[in-house]
Each structure stands twice: as C-alpha cells, then as structure tokens.
Amino acid sequence: MKNLNEKRPSGLALLPFAMFIVIYMGAGIYYQVKGMEMAFYQFPSVTAMFLAVLVAFIMFKGTINEKFDTFAKGAANVDILTMLMIYILAGAFANVAAVMGGRESTVNLGLSLVPVEFLAAGLFVISAFMGTATGSSMGTVTAVIPIAVGIAEKGGLSLTVVIGAVVGGAMFGDNLSMISDTTIAATRSQRCEMRDKFRVNFLIALPAALITLVLLLIFGRPETVMPLEALPFDLIKVLPYVLVLVLALCGLNVFLALTVGIFSAGLVGICCGDLTIAAFAQSVWDGFTGMNEVFFLTLLCGGMSELIAKNGGIAWIIQKLRKVMKGNKSAQVGIAAMVSLCDCATANNTVAIKIGQTMNFIDVKTTDYFYNSVKWAVGKNITNGTSSTTFSPYKSCTRAEIVTFLWRAAGSPEPTTTRNPFRDVNAVTHSSYYKAILWASQKGITSGTSTTAFSPDQVCTRAQIVTFLYRYAGQPSGYYSNPFKDVSATSEASYYNAVLWAVGKGITTGTSATTFSPYASCNRAEAVTFLYRYTNGL
C-alpha cells in the first residue's frame with residue numbers, strides 16, 4: 001500500500017536548519033575574533049532560530065495559513081508542551097531553593113564535611129550533587145566557583161584543579177539530573193522513563209567519575225594544609241533538593257516532584273524568615289522567566305521541525321543515514337553522531353536533541369503505508385518501539401498487546417470494577433496490561449478465549465482485532481457489501497459483521513481484493529494502522 005501523505009526526500013528542506021547554524025555559529029565566530037567575552041552568547045540563539053523559521057515560511061510551498069497550521073502542529077506537539085511545562089517548573093524550583101538559601105547551605109554543608117586535604121575531590125562530589133539536584137551545570141558553576149576560589153586561596157589548593165573539579169562535577173551531575181532541560185528533551189523525545197535514563201546514564205558515566213575522583217585525591221591535595229573557617233549552613237534548607245531527587249528516583253511524576261520541591265522550598269524559606277509569601281511568589285515567577293531562552297527555542301524548533309519534516313527534510317536525512325545504518329548498533333552510532341554534530345554547531349544540547357529525535361526507527365520508511373500510523377501511535381504513547389531505533393512493524397502482536405493498544409488509545413481509563421474473570425491474568429505478573437484487559441472485559445470488547453481464560457500471550461488474528469474495534473465502537477449496524485471470499489455469514493458469523501464494518505469504514509481493505517485472511521496473525525504495523533484509521537476516520 002502506498003502512503004498517500006508521502007513526501008519526497010529533499011535535502012533543500014533542511015536549509016532553515018542550516019541557516020540557523022550559519023547565523024548562530026557565524027555570529028559567535030565573528031564576536032570571538034573581535035575578542036568579546038562569551039562570544040557565542042552575544043547573538044541570542046532564539047533570534048537566530050526565529051530568522052530560520054522565517055526562512056522556512058518563505059521557501060516552503062503553500063499558503064501562509066497552511067504553513068502556520070503545520071508550524072503550530074509541531075509547536076503544540078504533546079512532547080513539546082510537556083517539556084515546556086517541566087522547564088518552567090524546574091526553573092521555579094531552582095530559583096526558589098536558591099533565594100531561600102538552599103544552594104549556599106548545600107555547598108557549605110558539603111565543604112564542612114570534607115577534610116581540607118581532600119577538598120578538590122569534595123568539590124567534585126558537591127558540584128555533582130548540586131548539578132543533579134538543580135538540573136543546571138551553569139547554575140552550579142555560578143554558585144560554587146566563588147566559594148571554591150576563596151577556599152583554594154585560603155587552603156593552598158591549585159586554582160586550576162579546583163575550577164576543573166567544580167566544572168567536571170557540575171557537568172557530571174547535570175548529565176544525570178532528571179530535571180535538566182537536556183534530560184527532559186531526551187526522555188520525552190525517546191519516550192523513556194527519567195529514572196531509567198538516570199540508571200543507564202549513571203552506569204555509563206560512573207567509571208569516568210571514579211577515575212576523576214581518584215586523580216583529584218592524588219593530585220588535588222594541597223602542599224600545605226591550612227585550616228578553614230567554619231561555613232554556615234542550615235540542614236533544613238538542603239532538604240528540598242534531597243526531596244526532589246528522591247521523589248524523581250522513586251518514579252513520581254516529574255510534574256508532581258517539581259511542584260512538591262517548589263512548595264517545600266518556599267515553606268522552608270518562609271519558616272526560616274528568608275521569604276515572605278510575596279517574595280516566594282516573585283521567586284517562582286523569576287524562575288519561570290529564567291527559562292525564557294530554552295522555552296522559546298524549543299517552541300520555535302518544534303514548529304520548524306514539523307515544517308521541515310512535511311517538506312521531506314527529515315526523510316532525506318533518514319534516506320542518507322539508512323545507507324550506513326545496517327542494524328541497531330550502527331543506527332545508535334549514526335543518531336549519536338548526528339546529535340553530536342548538531343550540538344557542536346549550535347552549542348545547545350536541547351536543540352541538538354530536538355533535531356535528532358525524528359530519527360527513531362530505521363525500519364519505518366516514509367514510503368511505508370504505516371508510516372503515519374506509527375508516527376501517530378508513538379506520538380500518542382499508544383506504543384513505543386521494540387528498541388530505541390526499531391519499531392518491528394512485521395512482528396506479530398499478542399492479544400494482550402492489542403487490547404493494551406486499544407486501551408491507551410481510549411485514554412487509559414480505569415476499570416470500573418476489580419472483578420477479574422480470567423485465571424491466566426493477574427495484577428502482579430501482568431501489571432503492564434492487567435487494567436487494559438479488565439477494562440476490555442467490562443466493556444464487552446472481549447470475553448476471552450473461554451469463560452476463565454484470556455490467553456494474553458496468544459497471537460492475535462486479523463479477525464480478532466477488527467472484532468475488538470467493532471465492539472469498542474458499539475457494534476454499529478450498517479449495510480456493507482462483502483468483497484471477501486474467505487469471510488462468510490455462516491462459517492464466520494462471530495466476526496462477519498465486524499469485518500464488513502471495518503471495510504465499510506475504510507479501516508482495512510483486506511490482504512487482497514478478494515481475501516481478508518481472518519486467521520492470519522495481526523502484526524504491529526497492521527495494529528497501529530487499524531487504530532489510526534478508526535480514530536481518525538470517525
């Protein structure tokens with residue numbers, strides 16, 4: 001089947017991205033040559049992205065309203081909006097915690113616990129914790145460096161080693177943080193849990209961190225140990241950071257974790273006399289506005305990415321990279337290389353991740369009939385890939401998977417009762433689809449393979465999936481002709497009406513003009529396609 005929405009791959013469609021890189025990088029190089037400090041931050045990245053968006057609107061075909069509709073679709077993508085909300089909540093938490101003295105107390109507490117001769121290694125650990133708790137390497141460096149420099153001068157430590165320890169620890173912590181903008185962008189675009197990303201990332205980065213610690217313990221010791229004056233801290237002001245970190249690690253929704261962090265930091269600040277209610281409110285607002293750059297950059301990038309994808313730019317990249325991506329490992333390397341190059345060019349992790357997120361599945365081509373269906377299903381969190389780079393479209397689906405897809409497409413409603421008629425399904429060992437099967441049973445979508453068995457691991461047939469959809473739709477009546485020789489009202493009575501309804505609604509056209517193949521297994525591509533056509537056709 002041909003994808004009617006197919007866009008021919010076009011390298012020219014990537015021109016807006018190229019313009020962004022040229023403008024932003026060119027301005028940075030120009031100011032660097034002029035000898036200006038922070039050269040690459042003199043020309044705002046948001047302005048460069050705005051100019052690139054204008055280029056996209058000018059060069060792509062269609063009316064201004066059509067192009068804006070496409071732009072708005074990308075900017076209003078559920079992943080984009082989720083990221084934006086987390087950005088501002090993370091900004092508010094970091095700012096409130098800093099204003100009430102939490103950041104300074106955390107640093108001073110850490111320094112008070114570390115012996116003077118091990119301060120370089122201690123600063124690395126403290127910066128790592130701060131980077132993880134605040135989600136900002138730059139914020140950590142800004143907070144810790146002034147204190148660290150003073151300590152280095154008084155304690156006889158090498159200033160270069162101390163600054164390196166702080167920057168390295170901050171980067172390490174930011175890399176792990178579950179409220180970092182890069183983590184948010186990465187997990188949302190790849191649709192994985194933040195705590196899972198933390199665990200995997202921790203194992204990858206831990207060897208480097210341990211080696212750094214050992215080197216700092218050996219080479220970071222001062223020639224002469226000088227006693228330091230007592231550093232003031234309030235233990236209670238450290239608690240909001242610990243609370244957010246623990247809640248996030250426990251898997252609590254990041255919105256809730258950050259909201260708890262904001263109000264716990266505010267409550268501590270008010271109780272300690274560092275904040276008034278008005279000052280707390282202002283700190284929250286300042287935290288929101290402090291995320292302006294990444295907020296607008298992500299919004300504009302999301303909209304422009306949709307314009308580029310619609311005009312074949314992303315398809316062109318996939319087409320070129322697929323030539324060197326022969327498997328899962330090579331695909332991961334290719335995606336990592338693409339994101340790394342974008343990061344080098346833009347000096348912005350979040351933009352690089354957003355550019356690279358469309359490269360998820362190497363086994364789903366824009367020319368495949370199921371391309372839009374897969375994109376829709378993954379975007380709606382109905383299903384993920386079978387790996388970070390594969391969707392496995394031709395893999396057969398089980399009955400449990402099909403019911404779970406339908407349940408998620410319906411909004412993941414809670415079952416109305418806890419009665420479970422099936423002995424082969426229980427809440428502990430089948431937790432990933434337990435609620436879906438209970439819901440489907442209560443709705444009359446399925447009655448199982450017997451009165452006491454659902455057979456969750458049994459392969460789902462094409463007849464079964466259209467029957468599930470038909471029952472979910474309320475078993476509508478209709479008069480549709482039957483084009484299939486292998487479906488009759490007599491021998492296939494249990495699904496006869498369902499098949500005719502599905503054909504009449506355009507949900508399926510069969511496996512040929514005269515066959516439906518009711519007992520053939522339903523694969524992942526067919527499953528999401530049937531769901532997509534049903535959901536978007538009614």
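What you see is a predicted model, and the numbers here were worked out from it, not measured in a lab.

**As for the nonpolar core**
One finds V374, I402, I465, V466 and L469 to be the most contacted residues of the largest nonpolar core, which totals 52 residues. If you list the elements that add at least two residues to this core, you get α18 (371-379), α19 (399-409), α20 (434-442), α21 (462-472), α22 (493-504) and α23 (524-537). When residues in this core are grouped by element, the largest group, seven residues, is from α22. Among all residues touching L469, those that are not within four sequence positions of it are L406, W501, I507, F530, L531 and Y534. If you look at the next biggest cluster of nonpolar residues, it comprises 44 residues, including L123, M130, L157 and V284.

**Concerning the side chain of S45**
Considering the arrangement of structural elements, one finds S45 in helix α2 (residues 45-59). In this structure S45 comes out as buried when scored by relative accessible area, which is 3%.

**A short note on the side chain of T508**
Summarising the element assignment, T508 is placed in the loop between α22 and α23. Here the side chain of T508 touches G510 through a polar contact of 3.1 Å, landing on its backbone nitrogen. Filtering out sequence-adjacent residues up to four positions away, T508 remains in contact with R462, A502, V503, F516, F530 and R533.

**Section: the pattern of salt bridges**
Inspection of the entire model under this criterion finds five salt bridges. Among the salt bridges present, the one from K237 reaches D234, with a minimum N-O distance of 3.5 Å. D234 gets classed as partly exposed once you look at its relative accessible area, which sits at 36%. The structure contains a network of salt bridges with shared partners spanning D234, K237 and D274.

**What to know about helix α6 (residues 119-134)**
With 16 residues, α6 extends 22 Å between its outermost C-alpha atoms, agreeing within 8% with the 22 Å of an ideal straight helix rising 1.5 Å per residue. Counting buried positions along α6 gives 14 out of 16 residues, so the element sits mostly inside the fold.

**A word on helix α12 (residues 254-271)**
End to end, α12 covers 25 Å across 18 residues, agreeing with the expected 26 Å (1.5 Å per residue, within 8%). Of all the residues in α12, the buried ones are V254, A257, L258, G261, I262, S264, A265, G266, V268 and G269. In the segment just after α12, G273 is the residue with positive phi, at about 80 degrees.

**Looking at unusual backbone geometry**
For S455, which is not glycine, the phi dihedral falls at a positive 60 degrees. By secondary structure assignment, the location of S455 is in the loop between α20 and α21.

**Section: the packing of α2 against helix α14 (residues 292-310)**
Two elements in contact, α2 and α14, have axes separated by 9 Å at closest approach and are oriented at 20 degrees. Classified by the angle between their axes, α2 and α14 sit roughly parallel to one another. Along this stretch, α2 crosses α14, giving a crossing that reads as left-handed. Residues S45, V46, M49, F50, A52, V53, A56 and F57 of α2 form the contact with α14, whose participating residues are E293, F296, L297, L300, C301, M304 and L307. Among the residues forming the contact of α2 with α14, the class breakdown is 13 nonpolar, one polar and one charged.

**Regarding the packing of aromatic side chains**
Tallied over the entire structure, the rule returns 18 aromatic pairs. Relative to F172, the ring of F124 lies with its centre 6.2 Å away and its plane at 20 degrees, an arrangement referred to as stacked. With F124 in helix α6 and F172 in helix α8 (residues 159-176), this pair connects stretches of sequence that are 48 residues apart. Owing to a relative accessible area of 5%, F124 belongs among the buried residues under this scheme. Taken together, a centroid distance of 5.9 Å and an interplanar angle of 85 degrees make the contact between F370 and Y394 edge-to-face. Separated by 24 residues along the polypeptide, F370 in the loop between α17 (349-356) and α18 and Y394 in the loop between α18 and α19 bring together distant segments of the chain. One aromatic cluster is present, formed by W439, Y470, Y472, W501 and Y534 through successive ring pairs. Between R399 and the ring centre of F454, over which it is positioned, the NZ or CZ distance is 4.5 Å. Lying over the aromatic face of F516, R462 brings its terminal NZ or CZ to 4.5 Å of the ring centre.

Cut-off values and rules
Residues numbered from 1 in each chain as written. Predicted model: local features only at pLDDT ≥ 70, side-chain atom pairs only at ≥ 80, totals over all residues. Heavy atoms only, no water. Core = buried A, V, L, I, M, F, W, Y, C linked by side-chain atoms within 4.5 Å. Buried < 20%, exposed > 50% of the residue type's maximum accessible area, 1.4 Å probe, protein only. Helix = DSSP H or I, 4+ residues; strand = E, 2+ residues; numbered from the N terminus. Contact = heavy atoms within 4.5 Å. Polar contact = N/O pair within 3.5 Å; in protein donor to acceptor, adjacent residues only side chain to side chain. Salt bridge = Lys/Arg side-chain N within 4 Å of Asp/Glu carboxyl O. Expected span 1.5 Å × (residues − 1). Axes fitted to C-alpha atoms, helices over the stretch in contact; angles between N-to-C directions. Parallel < 35°, antiparallel > 145°, perpendicular 65-115°, else oblique. Left-handed = near helix turned anticlockwise from the far one by under 90°. Nonpolar A, V, L, I, M, F, W, Y, C, P; charged D, E, K, R; others polar. Phe/Tyr/Trp six-rings, centres within 6.5 Å; stacked < 30°, edge-to-face > 60°. Lys NZ or Arg CZ within 6 Å of the ring centre and 35° of its normal.

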